[in-house]
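What follows is the residue order along each chain.
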Amino acid sequence: MKRLWRWLIPLAAIPVLALLAYGFRVSPRDIPSPLVGRPAPAFVLATLEGAPLSLESHRGKVVVVNFWASWCYPACYEEAPVLERNWRGYRERGVVVMGLDIQDKRDAAQKFVGDFGLTFPVAQDLKGTVSVDYGVYGVPETFFVDRQGRIRVKHVGAVTDDVFKTTVDRLLTEPATP
Amino acid sequence: MSRVTLALLATLIVLGATSFAAGAQGASPVNEQTVYDIATQLRCVVCQNLSVADSPSEMASQMRGIIRERLAAGESPAQVQRYFVDRYGEWILLSPPRRGFNLLVWLLPLAAVVVGLAAAATLIWRWSHRTRGARPAPAAVDAAMSERIRRELERES
C-alpha cells in the first residue's frame, strides 16, 4: 500500500505536466479559422475612389483579400509594398489583390495609399461587417480565395513575397470549376 | 363600392397605420438588454479576457453594432451567437458549450474536489487512529545504557 502511494503521486503529475507542455507550445495567437475551405463571404464595398468593389465580380480569379489599417505599424507598412509588387506581377495572370481598410479614418487611409502608391482597389469597411464576416481578429490578415470562391489560406501578420508567390502559384494551377 | 370592400379598405388602412406607427416609434426596436446579454458571452477578439460588452475597443463596438443589426433584422439571440461562432469558432464564446470534450472543463474541477476531499478524509482518519491506538511504547532502555548515560552526564558536570 505504501509503495503504491509512493508511485501514484508522481504518476498523477504526468497528465498535468503533459497538459502544460501542450498548452505552452500552442500559441494563443494562432487560432484556426473555421472559414478555411468554406466559400468566402460575399461583400460589396465602395473603393476610396467610389467605385463598387465586390468579391463576386472577380469569380474565377484568385483573389487576395487583405485587411489592413493605417495605424497598423509596422506590419501593414511592411506588407504594402509586397502586395503592390505582387499585384503588378500577377494581375495579368488572373489574380486580384484587394485591400480592405478597417477601423480607420478616410484621410489616414488615403494618405497610406498615396504614400505606398497602391494601385490595387482599396475600400473601407466602415461598420466592420466584412471583417467580422471574415472572422478577422486584427490587422494585417490576408485571405487567399481560390478560383471557385473558397477561402483556402488565412495568413496572419505581414504577407511576404514568399507567402504570396507560393500560395498564389498553387491556387493558379487549380481549375476555376470543380 | 360594396360594404365589404369598404370594411376591408378600412381594416387595411388601420393595419397599415398601426404598423407604420410601430415602425416609426421603434426606430430601434432592439432591446439593448438583449444586445448586452449576447455581447457579454462573446470574447472581444482584440483584448485579453474581456467580453464584447465590456471592451471599449472599436472592434467590440462594431461587433455590438452588428449584434444590434442582426437582431433588428429579426434574428434570434441564438442565431446571432451562431453567426459569430461560425466566423471565429467556439473560441469566441467566453464559456465553452457544455458538451463533448468541453465537458472536461466543467467536470474536472468537480472531480478534483471529490478526490481531494476523499484524500483529506482518509489522511485525517489515519492520523487520528494512529495517535489513539498504536502509539509505540517508549523503548526500554537497558540497565547498561542508563548506567552509561549517568556516567557521561556526571563527567560533563
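Residues numbered from 1 in each chain as written. Chains lettered and ligands numbered in written order. Predicted model: local features only at pLDDT ≥ 70, side-chain atom pairs only at ≥ 80, totals over all residues.

Q: Teacher, can you tell me more about the overall build of chain A here?
A: Counting its regular elements, chain A contains 5 helices and 7 strands. Along the chain direction, N to C, the helices and strands of chain A fall in the order α-β-β-β-α-β-α-β-α-β-β-α. Against the globule reference of 16 Å for 178 residues, chain A gives a C-alpha radius of gyration of 21 Å, more extended than a compact globule. Dimensions of chain A along its principal axes, counting C-alpha atoms only, are 80 × 40 × 30 Å. The 178 residues of chain A split such that 34% are buried. Partitioning the contacts of chain A with sequence separation of at least 6, the portion at a separation of at least 24 is 74%. (Helix = DSSP H or I, 4+ residues; strand = E, 2+ residues; numbered from the N terminus. Rg over C-alpha atoms; globule rule 2.2 N^0.38 Å. Buried ≥ 20, exposed ≤ 12 C-beta atoms within 10 Å, placed from the backbone. Contact = placed C-beta atoms within 7 Å.)

Q: Sorry, what's going on with the nonpolar core here?
A: Where a protein is soluble and globular, its nonpolar side chains tend to be buried together. Counting 41 residues, the largest nonpolar core has Val-145 and Val-168 of chain A as the members making the most contacts within it. Mapped by element, the contributors of at least two residues to this core are strand 3 (62-68), helix 2 (75-90), strand 4 (95-102), helix 3 (106-116), strand 5 (122-125), strand 6 (141-145) and helix 5 (161-172) of chain A. Per element, the largest residue contribution to this core is 6 residues, and it comes from strand 3 of chain A. Filtering out sequence-adjacent residues up to four positions away, Val-145 of chain A remains in contact with Ala-40, Leu-55, Val-62, Val-63, Val-65, Arg-150, Ile-151 and Arg-152 of chain A. Counting residues in hydrophobic clusters, the runner-up holds 18 residues, among them Ile-38, Ile-67, Val-80 and Ile-92 of chain B. (Core = buried A, V, L, I, M, F, W, Y, C linked by C-beta atoms within 7 Å.)

Q: How should the pairing of strand 6 of chain A be read in this particular structure?
A: Note on strand geometry: in a regular strand, side chains alternate between the two faces of the sheet. Residue and element names in this part refer to chain A. Counting buried residues in strand 6 gives 5 out of 5 residues, a clear majority hidden from the surface. Judged by which residues are buried, strand 6 turns out to be covered on both faces: Glu-141, Phe-143 and Val-145 on one side and Thr-142 and Phe-144 on the other are all buried. Direction of pairing for strand 3 relative to strand 6: antiparallel, over a ladder of 5 bridges. Within strand 6, the residue paired with Phe-67 across the bridge is Glu-141. Strand direction decides the pairing type here: strand 6 and strand 7 (residues 151-156), joined by 5 bridges, are antiparallel. (Pairing = 2+ DSSP bridges.)

Q: Is there a simple way to think about the interface of chain B and chain A in this case?
A: By a widespread convention, an interface's size corresponds to the accessible area lost as its parts come together. Taken residue by residue, the interface counts 13 residues in chain B and 13 residues in chain A. Elements that contribute at least two residues to the side of chain B that touches chain A include exactly helix 3 (58-72) and helix 4 (77-88) of chain B. A breakdown of the residues in the side of chain B that touches chain A according to their chemical character gives 7 nonpolar, 3 polar and 3 charged. (Nonpolar A, V, L, I, M, F, W, Y, C, P; charged D, E, K, R; others polar.)

Q: What should I look at first to understand helix 4 of chain B in this one?
A: Each α-helix turn comprises 3.6 residues. Residues three or four places apart therefore point the same way. Residues and elements named next belong to chain B. The terminal C-alpha atoms of helix 4 lie 17 Å apart, and with 12 residues this matches the ideal 16 Å at 1.5 Å per residue to within 8%. All buried positions along helix 4 are accounted for by Val-80, Phe-84 and Tyr-88. Along helix 4, the residues classed as buried sweep out an arc of 55° about the axis, all on the same side. Exposed residues on helix 4 whose side chains face more than 90 degrees from its buried face are Ala-78, Gln-79 and Arg-82. Contacts from the buried residues of helix 4 go to helix 2 (32-41) and helix 3. Among the residues trailing helix 4, Gly-89 stands out with phi positive, at a value near 80°. (Expected span 1.5 Å × (residues − 1). Arc of directions from axis to C-beta.)

Q: What am I meant to see in helix 5 of chain A here?
A: Residues and elements named next belong to chain A. An ideal rise of 1.5 Å per residue puts 16 Å on 12 residues; helix 5 measures up with 16 Å between its terminal C-alpha atoms. Regarding helix 5, the residues found buried are Phe-164, Val-168 and Leu-171. For helix 5, the arc enclosing every buried residue in end-on projection is 60°, short of the 170-degree limit, so these residues lie on one face. In helix 5, those exposed residues whose orientation departs by more than 90 degrees from the buried face are Asp-162 and Thr-166. Looking at the packing, one finds that the buried side of helix 5 touches strand 3, helix 2, strand 4, strand 6 and strand 7.

Q: Explanation requested: the sheet that holds strand 4 of chain A in the structure shown.
A: Paired through backbone hydrogen bonds, the strands of a sheet run either parallel or antiparallel to each other. Residue and element names in this part refer to chain A. Across the sheet, 5 strands lie side by side as 5-4-3-6-7; this open sheet has mixed pairing. Two strands bound the open sheet, and with one partner strand each, they are strand 5 and strand 7. Neighbour-to-neighbour, the strand axes of the sheet open up by a mean angle of 20°, direction not taken into account. Pairing between strand 4 and strand 5: 4 bridges, direction parallel. Its bridge partner lying in strand 5, Asp-101 is registered against Gln-124. (Axes fitted to C-alpha atoms, helices over the stretch in contact; angles between N-to-C directions.)

Q: Help me understand the packing of helix 2 of chain A against helix 5 of chain A, please; the structure alone is not making it clear to me.
A: A pair of packed helices can be characterised by two numbers: the angle between their axes and the separation between those axes. All names here are of chain A. Here helix 2 crosses helix 5 at 35°, and the two axes come no closer than 10 Å. In this structure, the crossing between helix 2 and helix 5 has a hand that is right-handed. Seen from helix 2, the contacting residues are Val-82, Asn-86 and Tyr-90; seen from helix 5, they are Asp-161, Phe-164 and Val-168. Among the residues forming the contact of helix 2 with helix 5, the class breakdown is 4 nonpolar, 1 polar and 1 charged. (Left-handed = near helix turned anticlockwise from the far one by under 90°.)

Q: How should the confidence of the model for chain B be read in this particular structure?
A: A low pLDDT means the predicted coordinates there should not be read in detail. Residues and elements named next belong to chain B. Put simply, chain B has an average pLDDT of 81, and 76% of its residues get 70 or more. Within chain B, the element-level pLDDT minimum falls on helix 1 (residues 3-25), averaging 51, and the maximum on helix 4, averaging 95. Every residue in residues 18-27 is under pLDDT 50, and counting partners more than four places away or in other chains gives 0 contacts. (pLDDT = per-residue confidence, 0-100.)

Q: Help me out: how do you make sense of unusual backbone geometry in this one?
A: Residues apart from glycine generally show negative phi values, whereas peptide bonds are mostly found in trans. Residue and element names in this part refer to chain A. Here the bond from Tyr-73 into Pro-74 is cis, since omega is 5°, no more than 30 degrees from zero. With respect to the element layout, Pro-74 can be found in the loop between strand 3 and helix 2. In this structure, the amide linkage connecting Val-139 to the following residue, Pro-140, adopts the cis form with an omega of -5°. Counting through the fold element by element, Pro-140 comes out in the loop between helix 4 (129-133) and strand 6.

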